[in-house]
Structure formats: C-alpha cells, structure tokens
Amino acid sequence: MNFQNKTVVVTGANGGMGKVITRRFLEKGARVAALDLDVDALEELDKEYEGQFMRCSANLTNEEEVSEAVDEASNFLGDISILVNALGMAQAATNIDELDLAEWNKLMAVNTTSLFLINKEVVKVMKAKGVGAITNIASIAAERPRPGLNAYVTSKGGAIAFTKALAIELAEFKIRVNAINPGPSDTSMLAKFSPRGGNVEKMKEETFKLSVPLGELVRPDDIAEAVMYLSSDEARMVTGSVLNVDGGRGL
Ligand SMILES: NC(=O)c1ccc[n+]([C@@H]2O[C@H](COP(=O)([O-])OP(=O)(O)OC[C@H]3O[C@@H](n4cnc5c(N)ncnc54)[C@H](O)[C@@H]3O)[C@@H](O)[C@H]2O)c1
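What this report covers is the structure whose coordinates are included nearby. (Residues numbered from 1 in each chain as written. Predicted model: local features only at pLDDT ≥ 70, side-chain atom pairs only at ≥ 80, totals over all residues. Heavy atoms only, no water.)

So, on to the overall build of the protein. Check the secondary structure of the protein and you find seven helices and seven strands. Counting from the amino terminus, helix and strand elements in the protein follow one another as β-α-β-α-β-α-β-α-β-α-β-α-α-β. For the protein, the C-alpha radius of gyration of 17 Å lies close to 18 Å, the compact-globule estimate for 251 residues. Seen through its principal axes, the protein has C-alpha atoms that stretch 45 × 35 × 35 Å. Among the 251 residues that make up the protein, the fraction classed as buried is 52%. (Helix = DSSP H or I, 4+ residues; strand = E, 2+ residues; numbered from the N terminus. Rg over C-alpha atoms; globule rule 2.2 N^0.38 Å. Buried < 20%, exposed > 50% of the residue type's maximum accessible area, 1.4 Å probe, protein only.)

As structure tokens, this is what we get:
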C-alpha cells in the first residue's frame, strides 16, 4: 500500500490508537495533520517529520474550533485525501436510572456529533478534489453491549449509522466512508469503562480479556493495520463497511 503524497487528517491523534495510526501514515510517506484536545505530547514528531507533519489542538465538539482546525490542516496539506476519526471517550458503567443528562449529552457530543462536525468540514475539501477515504472508529460495543454502557453504546451506534448514511451520500463524489469496530483494546481508555471505584486491573483481566474469543486484548497496531487498508487505493470498492477488529468479541 502506497501512501506517498497522500494527505491525511487524524483526529484523536494523541490517543492510544490515534498515535499509532499517525506514526504509521508518516512512516509510509503520507503528510499528516494531527488533531486532538491537546497535541503537546506529539512534539517529538515535529523534528522527525519536519514538513510532513503538523499538529493542532482543538475541541472537536465545538463547531468553530473544528472549522478552524480543518482550515489549518488543509492549508498545510494542500488538500485532504484521507480522514481517520480516532477521537472518543469512554463511559464509566452506570445504571440508566443513575445517569445524568449532562453525561449522556457529553458522550453523544464526543462520540457522535464530533463526527458530523469534522466530516462536514473535511468533505467540503474532499468534494473539491473528487476523491477521499474516511474511516470512523466506532466500537463492537454497539453490536454487543455491556451492562451500564448505555450512552456509549448508543453514541457508537450513531457513529455506525452515520458512516453508512455518508457512504451512500458521498459515493457519487468517489468519497468512501467506512467504520472500524474495535474490541476491548489495550489503551488507557479501557480502564475508564469500569464502574466508578471498580477494580480496573481485575476487570481488564477478568472481564475484558476473557470476553475476547481470541484470548487477548486488541492492540493499537491491529487497528492501525485496518485503518491503512480501508484508507488505501487497494480498498477502492469498499464503502459503507463496518470492519470488526475485535478478536471475535462480536460473535
Ligand atoms: N480502547 C478500547 O477498548 C476501545 C474499544 C472500542 C472502541 N474504541 C474507540 O476507539 C477510539 C480510540 O480510542 P483509544 O482507545 O485510542 O482512546 P484514547 O482515550 O486513548 O484516545 C481518544 C482520544 O480522543 C481525544 N478526544 C476526546 N475528546 C475530544 C474532543 N472533544 N476533541 C478532540 N479530541 C478529543 C482524547 O484527547 C484522546 O487523545 C475511540 O473512538 C474509542 O471509543 C476504543
């Protein structure tokens, strides 16, 4: 797969998966704009990939900040051929009768509405060029929920439905839109799904790992591999797909 001269925006680029995805595109010769709430920790990439990499801090649930960040990214990149949305937030397992509206709204904003805002701005740039590949990272939890993740599961169901809605709408512009459903993955997010005050390490070993038929947690590298495929020219006829990278958790 060749990514030389491809122009890539990665959101959630400072996250467990986002960091690996960002680095993978850079290693393959793409030019990358990395967006996240705080991108200070990505400073090391500035020197290593000078001229090939830029980073921008933005709250991607805020319409103005999204618009400014995408402007900055497309000015640096010239255009945008690939978008990967790896931003997101977990929900601490909470019974529905104890869940606040504010918490519900926050999960919808970060996991679903942000996708609307980012895709809207990036698609404007992609349409002008008549090409594009978008990958939204959802979750296998949308198909195989766990108790107490009511808002998270709904927000990821929204991400999958939105992906399909865009895939059909944007096909005529040769813009492909796909989703990945990770299973329980070895990033700092995983611990945040435990009930507040729960034993995180115990839950990781006894709940999450044991729920994966292949017997291990998904690694950020596994997700990056899937992202590379879906973003590549080799996937030219793949759109509206949801790829489970979950070790069989969805079975
Ligand atoms: N880790 C898992 O077990 C798991 C499982 C299934 C799906 N996922 C999904 O995979 C994606 C990546 O998760 P991860 O494990 O790398 O999590 P992570 O917490 O390491 O990374 C998420 C990133 O999103 C960023 N972010 C959050 N809100 C933002 C906002 N408003 N504006 C800009 N950036 C924002 C965070 O700063 C963080 O860097 C997420 O969508 C997550 O829901 C994760």
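Still more to cover.
So, about the site of the ligand. Around the ligand lies a shell of 27 residues, among which Asp-36, Leu-87, Tyr-152, Lys-156 and Thr-187 are the nearest. Gly-15 places a main-chain nitrogen or oxygen 3.2 Å from an oxygen atom of the ligand. When isolated, the ligand has an accessible area of 830 Å², and the protein chains bury 91% of it. Contributions of two or more residues to the shell around the ligand are made by helix H1 (16-27) and helix H5 (150-170). (Near = heavy atom within 4 Å. Polar contact = N/O pair within 3.5 Å; in protein donor to acceptor, adjacent residues only side chain to side chain. Areas by Shrake-Rupley, 256 points an atom, 1.4 Å probe, with all protein chains shown as cover.)

Glancing now at the sheet that holds strand E6 (residues 175-182). An order of E3-E2-E1-E4-E5-E6-E7 is seen for the seven strands of this open sheet, with the pairing classed as parallel. Bordering the open sheet on either side are strand E3 (53-57) and strand E7 (242-245), each of which pairs with just one other strand. Between one strand and the next, the sheet's axes are offset by a mean angle of 15 degrees, whatever the strand orientation. Two strands pair when backbone bridges link them, and strand E5 (residues 132-137) and E6 are joined in this way by six bridges, in the parallel orientation. Bridge pairing links Asn-136 to Ala-179 in E6. Across the sheet, helix H3 (residues 63-77) touches strand E1 (7-11), strand E2 (31-36) and E3, and the angle it forms with E2 is around 165 degrees. (Pairing = 2+ DSSP bridges. Axes fitted to C-alpha atoms, helices over the stretch in contact; angles between N-to-C directions. Contact = heavy atoms within 4.5 Å.)

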